[in-house]
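Chain by chain, the residues run as shown.
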Number of protein chains: 2
Amino acid sequence: MTAPSKYLDALIREFSKLPGIGPKSASRLAFHILKLREDETEKLAASIIDLRKNIRSCSICGGISDSDICAVCQSDSRDRSLLCVVQEQKDAIIIENTGGYSGLYHILHGVLSPLDGIGPEDLNITSLLQRCREGIVREVIIATNPTVEGDATALYIARHIGDIKAGPEVMRIAHGLPLGSDLEFADSATLLRSIQARTKVR
Amino acid sequence: MTAPSKYLDALIREFSKLPGIGPKSASRLAFHILKLREDETEKLAASIIDLRKNIRSCSICGGISDSDICAVCQSDSRDRSLLCVVQEQKDAIIIENTGGYSGLYHILHGVLSPLDGIGPEDLNITSLLQRCREGIVREVIIATNPTVEGDATALYIARHIGDIKAGPEVMRIAHGLPLGSDLEFADSATLLRSIQARTKVR
């Protein structure tokens, strides 16, 4: 088997390392790059380098940021009494994309997982408790995933925030049937949760 | 909606332009880039730029190449009497990956398509006929896709090669049921072709 170009091979190999990109997708992407104008490929390459070089961690929420404090934490239009705790940066972006949340965020960078050796000191929890002690935040919404680890992390955080004198109220995002879904296709754990967490019809 | 980083946004936008990459994949890729070491991101970026900058067209087969003549056309171990005609570079790579073809290639860069205004002069056909006239090639295998345009292109090429005095024999790759498939799931056009093109059991 003879490869027509070592540059093509090199790029296919690089693309194949990315998550969700198999050899066929990598090859398709590389052929697409061949068809781009040179300035377009330079823009793509520069974006990759720029992101890795310029990204920082927000000193307030722990999320990614272009400066010392991220755009959300800096914004004047956010409700500073409301704080949403998420596992990862991407979760904050997903919530942000709903367009219906106006509070601030706190990124944990993971969940408690004793089996993987991840304890509270490995997560961004100390600064969360500090934020809760400052008296500005009145409500904390814990939006970790509805998994064993996510629930345990939510409980751990709730207990420690509960220890703060006159601290914020701690809430958990609701879990139940997704909108537009069918009872027939719901797993029994979700269905049971949706019955236990039933809400009053208004 | 507030974005946490304009660099992240820029890279997600760039990734989204690639074929088969939607907003969710683009975002996942960008977050992956965030986790890479700086030298890894530089390698990826350099591969993109290097490919676009250094790639050339082989002056013999019309395929992509790092030099004036591609590795396949240069190779001493190839059967120079056998020539496989393909629509696109990627088709040559797919055939090369089977590991069972030892001849040379000729890349057409498309197929005849009067509706799209693509005529013989838009394809790499003149140099194909020139190669056939040199007396070295004894057999041409046309491996354009089994579509209306691919078949028409095969016919057009076969007729012109047939006009060459003492020119090579022209063959078409076989079309029929894929190996391991089931008659039940074959479309009737393929099934009919497999009956018409039946071969003797040896």
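All residue numbers refer to position in the chain's written sequence, counted from 1. Naming scheme: in the order in which they are written, chains are lettered from A and ligands are numbered from 1. A pLDDT threshold of at least 70 governs which residues receive local features in this predicted model, and a stricter bar of 80 or more applies before side-chain atom pairs are shown or counted, although totals over entire chains, interfaces and linings include all residues. Computation of side-chain values covers all heavy atoms of the structure but excludes hydrogens and water.

**Digging into the relation of the copies chain A and chain B**
Note that the two copies of the chain are related through a rotation about an axis and a translation along the same axis.
Working step 1: The atoms used to superpose the copies are C-alpha atoms, taken from residues with pLDDT of at least 70 in both, and the fit is least squares. When chain A is fitted to chain B, the residual RMSD is 0.1 Å, and the transformation amounts to a turn of 180 degrees plus an axial shift of 0.0 Å. Both chain copies can therefore be described as sitting about a two-fold axis. Closest approach to the rotation axis within chain A is made by the C-alpha atom of Ala45 of chain A, at a distance of 2.2 Å.
Working step 2: Interface overlap between copies: 100% of the residues of chain A at the interface are likewise at the interface in chain B, consistent with a symmetric, same-surface contact. In what follows, residue pairs with any heavy atoms lying within 4.5 Å of each other are defined as contacts.

**Quick look at the sheet that holds strand β3 (residues 79–86) of chain B**
All names here are of chain B.
Working step 1: Overall, parallel pairing links the four strands, which are arranged β4-β3-β5-β6 in an open sheet. The two strands at the open ends of the sheet, each matched to only one other strand, are β4 (103–107) and β6 (169–172). On average, adjacent strands in this sheet sit at an angle of 25 degrees to one another, irrespective of strand direction.
Working step 2: Relative to β4, β3 runs parallel, the two sharing five bridges. Note on β4: the bridge partner recorded for Asp79 is Gly103. In this analysis, strands are considered paired if DSSP registers two or more bridges between them. The secondary structure listing takes helices from DSSP runs of H or I that are at least 4 residues long and strands from runs of E that are at least 2 residues long, numbered from the N terminus. Axis geometry follows a simple rule: fit a line to the C-alpha atoms, using only the stretch in contact for helices, then measure angles between N-to-C directions, giving values from 0 to 180 degrees.

**Notes on the domain arrangement of chain A**
Working step 1: Domain start and stop points were drawn from an automatic or database domain assignment. Each domain of chain A was delimited in the assignment, giving domain 1 (6–54) and domain 2 (75–200).
Working step 2: Between the C-alpha centres of domain 1 of chain A and domain 2 of chain A there is a distance of 36 Å.

**Some words on helix α6 (residues 126–133) of chain B**
Residue and element names in this part refer to chain B.
Working step 1: Type-normalised accessible area, obtained with a 1.4 Å probe on protein chains alone, sets the label of each residue: buried when under 20%, exposed when over 50%, and partly exposed for intermediate values. Among all positions in α6, only Leu128, Leu129, Arg131 and Cys132 are buried. Viewed end-on, α6 has its buried residues packed into an arc of 155 degrees, placing them on one side of the element.
Working step 2: Residues of α6 that are buried in the fold lie against α4 (71–74), β3, β4, β5 (139–142) and α7 (148–162).
Working step 3: Directly beyond the C-terminal end of α6, a positive phi value near 85 degrees is found at Gly135. The arc under discussion is defined with respect to the helix axis, by the directions toward the C-beta atoms.

**Quick word on the packing of aromatic side chains**
All names here are of chain A.
Working step 1: Under the pairing criterion, centres of Phe, Tyr and Trp rings, with the six-membered ring standing for Trp, must be within 6.5 Å; the plane angle then separates stacked pairs below 30 degrees from edge-to-face pairs above 60, leaving the rest tilted. Taken as a whole and assessed by the stated rule, the structure comprises two aromatic pairs over all chains.
Working step 2: A centroid spacing of 5.2 Å and a plane angle of 55 degrees characterise the contact between Tyr101 and Tyr105, whose relative ring orientation is tilted. For the pair shown, Tyr101 and Tyr105 are each scored as buried.

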